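Results of the structural survey
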Amino acid sequence: MDKNKEIIKTIKSQGYDIIVQDNLDGGYLYELGDASSKDEWAHIYKLDHSFEVYFNNHNKSYHFPTMEDAEKEAVNSIIQYRIEAENQ
C-alpha cells in the first residue's frame, strides 16, 4: 500500500480487506491490506466504453462493461491468488 495515496475505501470479502487507493493517474489501485510483494494487485481504469482491469501477476488486462463488474473481478482474483499461495 502506498502511504502517499489516499485510501478511497476498504472492501471486506471472504475475511480479507481489499484497500482501494486513488492511483493518481485516473485509475484505482486494489490490493490486500496486508499485501506483500508476492501478492496480486489490480489497477482499474475507465475507458471510453468499458473498464479495464490490469493484474500484475497475470500481466494481462481484461475489459468489463461496468465498474461493478471490474471491481468484483479485481477483488475475487486478488483473494483467490492469496488463497492459492497460502495452500501451496
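Preceding block: the structure.
Figured I'd write up the structure that's included with this text. (Residues numbered from 1 in each chain as written. Predicted model: local features only at pLDDT ≥ 70, side-chain atom pairs only at ≥ 80, totals over all residues. Heavy atoms only, no water.)

Looking at the nonpolar core
The biggest cluster of nonpolar side chains holds 17 residues, and the ones touching the most others in it are Ile-18, Tyr-30, Ala-42, Ile-44, Val-53 and Ala-74. Counting residues per element, the ones that place at least two in this core are β2 (16-22), β3 (27-32), β4 (41-46), β5 (51-55) and α1 (67-86). Tallying contributions element by element places α1 first for this core, with five residues. Dropping the residues within four chain positions of it, Ala-74 is found in contact with Tyr-30, Ala-42, Ile-44, Val-53 and Phe-55. (Core = buried A, V, L, I, M, F, W, Y, C linked by side-chain atoms within 4.5 Å. Buried < 20%, exposed > 50% of the residue type's maximum accessible area, 1.4 Å probe, protein only. Helix = DSSP H or I, 4+ residues; strand = E, 2+ residues; numbered from the N terminus. Contact = heavy atoms within 4.5 Å.)

Quick notes on α1
When the terminal C-alpha atoms of α1 are compared, their 29 Å separation across 20 residues agrees well with the 28 Å that a helix rising 1.5 Å per residue should span. Of all the positions in α1, only Ala-70, Glu-71, Ala-74, Val-75, Ser-77, Ile-78, Ile-79 and Arg-82 are classed as buried. Here the buried face of α1 lies against β1 (7-13), β2, β3, β4, β5 and β6 (60-64). (Expected span 1.5 Å × (residues − 1).)

Focus on the sheet that holds β5
With respect to topology, six strands assemble into an open sheet ordered β1-β2-β3-β4-β5-β6, the strand pairing being antiparallel. The two strands at the open ends of the sheet, each matched to only one other strand, are β1 and β6. Strand-to-strand twist of the sheet, defined as the mean angle between neighbouring strand axes without regard to direction, takes the value 20°. Here β1 runs beside β2; their pairing, made up of six bridges, is antiparallel. (Pairing = 2+ DSSP bridges. Axes fitted to C-alpha atoms, helices over the stretch in contact; angles between N-to-C directions.)

Topic: the pattern of salt bridges
Two side chains of opposite charge can pair, provided their charged atoms sit close to one another. Tallied over the full model, the rule gives five salt bridges. Among the salt bridges present, the one from Asp-34 reaches Arg-82, with a minimum N-O distance of 3.1 Å. With Asp-34 in the loop between β3 and β4 and Arg-82 in helix α1, the pair connects residues that are 48 residues apart, well separated along the chain. According to the relative accessible area criterion, Arg-82 is buried, its value standing at 10%. Measuring nitrogen to oxygen at the nearest pair gives 3.9 Å for the salt bridge that ties Glu-86 to Arg-82. Pair noted here: Glu-86 and Arg-82 are both in helix α1, with a separation of four residues, about one helical turn. Under the relative-accessibility criterion, Glu-86 is labelled partly exposed at 49%. Through salt bridges with shared partners, one network takes in Asp-34, Asp-39, Arg-82 and Glu-86. (Salt bridge = Lys/Arg side-chain N within 4 Å of Asp/Glu carboxyl O.)

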